[in-house]
Amino acid sequence: MKFVLNKWLLSALIIFSAYKISAQEKTGFTSLNQARLEPYKMEITYNKTTHLLFPSPIRYVDLGSNDLIASKADEIGNVLRIKSSVKDFDEETNFSVITQDGKFYTFDVLYSSYPETLNYDLLKLQRTTEKGYSTDVLFEELAGGSSSLTEDMMRILYKNTKRPTKHISTKSFGIQFLLNSLYVDDGKFYFIIQVKNTSNINYNVDFINFKIADKKRLKRTVVQDKVLTPLRSYEPITVVNHQSEIKAIYLLDQFTLLDGQVLEIEIFERNGGRHQKIRIKNKDLINAKIAEDVHLK
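The shown structure was predicted, so the numbers you read here are calculated from the model rather than taken from an experiment. Numbering of residues starts from 1 in every chain and runs along the sequence as written. Only residues with pLDDT of at least 70 are given local features in this predicted model, and only at 80 or more are side-chain atom pairs given and counted; all residues enter the totals for whole chains, interfaces and linings. Where side-chain values are given, they derive from all heavy atoms of the structure, hydrogens and water being excluded.

On to the environment of Phe89, then. A run of DSSP states H or I qualifies as a helix once it reaches four residues; a run of E qualifies as a strand once it reaches two. Both are numbered from the N-terminal end. With respect to the helices, strands and loops of the structure, Phe89 is situated in the loop between β5 (79–84) and β6 (93–99). Classification of Phe89 by relative accessible area gives buried; the value is 8%. As for Phe89 and Ser112, which are separated by 23 residues in sequence, their C-alpha atoms are 9.0 Å apart. Contact criterion: two residues are considered in contact whenever any of their non-hydrogen atoms come within 4.5 Å of each other. Residues contacting Phe89, with those up to four places away along its chain left out, are Ile44, Asp67, Leu68, Ser84, Val109, Leu110 and Tyr111. Burial classification: accessible surface area is computed with a 1.4 Å probe over protein chains only, and a residue below 20% of its type maximum counts as buried, one above 50% as exposed, and the rest as partly exposed.

In structure tokens form, the structure reads like this:
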């Protein structure tokens, strides 16, 4: 009798398991565990500040509870300061970070009176390790394009030593401002600009301006100058030391110019008057080099 009962229970269990599997297949549901993004584990405290150095400037921070306070370091876009707002909080909390290169990071946080580590350099992480803890996000201004691929493209173009564009340049007061090269890829322009400082004093940059202007400017109005805002920048120029040179990349949406228009790129010196301006014609835009050719090489 006991053998018959065990056999009946085994048969019922098999039938129930088969029914459960069949039901799962019919619903078409997939467990979200397959898409799990592993969080970093870290400790923070009340009396000391923890710093996290990210590979790219920070775009977004979300804190899981009021037990945490965080802020970006002044004038340093890739450093996050975080600490506890209360002493000895009990429950684990979390926070998330999105960086400009399109990476999404998540962190689980515990309180410790004596954390082992206060400063974390995420630049040191190996790419294979990082993949489990971060993922790509798509920014609207890139029209759904991958931010990390855009960042990789700018990194490759920055390291490229060739200077295809040699006729767009200006120089005065020991400062030469030039368009090093211009590339196009996936509906985006990559403007690589360069500044050479042959003077004996540093050139501190206030800001760089991109705008479409009329060549003649017979009736200069606000409407005639259309300011263009770069979508991204790579190694943006803040200072050019004396007797040195530096370059940067600025990403803009693809565009062309009407008759009588030029693109002006201006660089302004902070607390100085050595402002520089270069003009780019429509033929320069339409003859931009294809960035993918450099990328493939």
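This next bit is on the nonpolar core. Residues grouped as a nonpolar core are buried Ala, Val, Leu, Ile, Met, Phe, Trp, Tyr and Cys residues, joined through side-chain atoms within 4.5 Å. The biggest cluster of nonpolar side chains holds 30 residues, and the ones touching the most others in it are Phe191, Phe255, Leu263 and Ile265. Breaking this core down by element, the ones donating at least two residues are β11 (175–185), β12 (188–197), β13 (203–214), β17 (244–253), β18 (261–269) and β19 (276–280). For Ile265, the contacting residues outside a window of four places in its chain are Phe177, Phe191, Ile193, Ile208, Asn209, Phe210, Gln276, Lys277, Ile278 and Ile280. Within the second largest apolar cluster, 17 residues are counted, among which are Leu52, Leu68, Leu80 and Phe95.

For every residue, the predictor states its confidence as a pLDDT score lying anywhere from 0 to 100. The predicted model of the protein chain averages 81 in pLDDT, with 76% of residues at 70 or higher. Between residues 1–6, whose pLDDT stays under 50, and residues either more than four places distant or in other chains, the model counts 0 contacts.

Pairing between two strands requires that DSSP report at least two bridges joining them. The 4 strands are arranged β4-β5-β2-β8 in an open sheet whose pairing can be described as mixed. The sheet is open, and its two borders are formed by β4 (68–72) and β8 (119–121), each paired with just one other strand. Adjacent strand axes in the sheet meet at a mean angle of 15° when their direction is disregarded. As defined by bridge partners, strand β2 (residues 50–53) adjoins β5 across 4 bridges and the pair is classed as antiparallel. Among the inter-strand pairings, Leu53 is bridged to a residue of β5, identified as Val79. Axis definition: a line fit to C-alpha positions, over the contact stretch in the case of helices; interaxial angles, taken between N-to-C directions, run 0 to 180 degrees.

To continue, consider the pairing of β5. Where β4 meets β5, 5 bridges bridge the pair, whose relative direction is antiparallel. Counterpart to Leu68 in the pairing with β5 is Ser84.

This part takes up the side chain of Gln276. Along the chain, the position of Gln276 falls in strand β19. Note on Gln276: relative accessible area 3%, which makes it buried. A polar contact is formed between the side chain of Gln276 and the side chain of Ser172, at a distance of 2.9 Å. Once residues lying within four places of it in the same chain are set aside, the contact partners of Gln276 are Thr170, Lys171, Ser172, Ile175, Phe177, Tyr203, Ile265, Glu266 and Ile267. We call two N or O atoms a polar contact when they sit within 3.5 Å, provided that within protein one can donate a hydrogen and the other can accept it, with sequence-adjacent residues counted only if both atoms are side-chain atoms.

On to the environment of Met42. Counting through the fold element by element, Met42 comes out in strand β1 (residues 40–44). Residue classification places Met42 among the buried residues on the basis of a relative accessible area of 5%.

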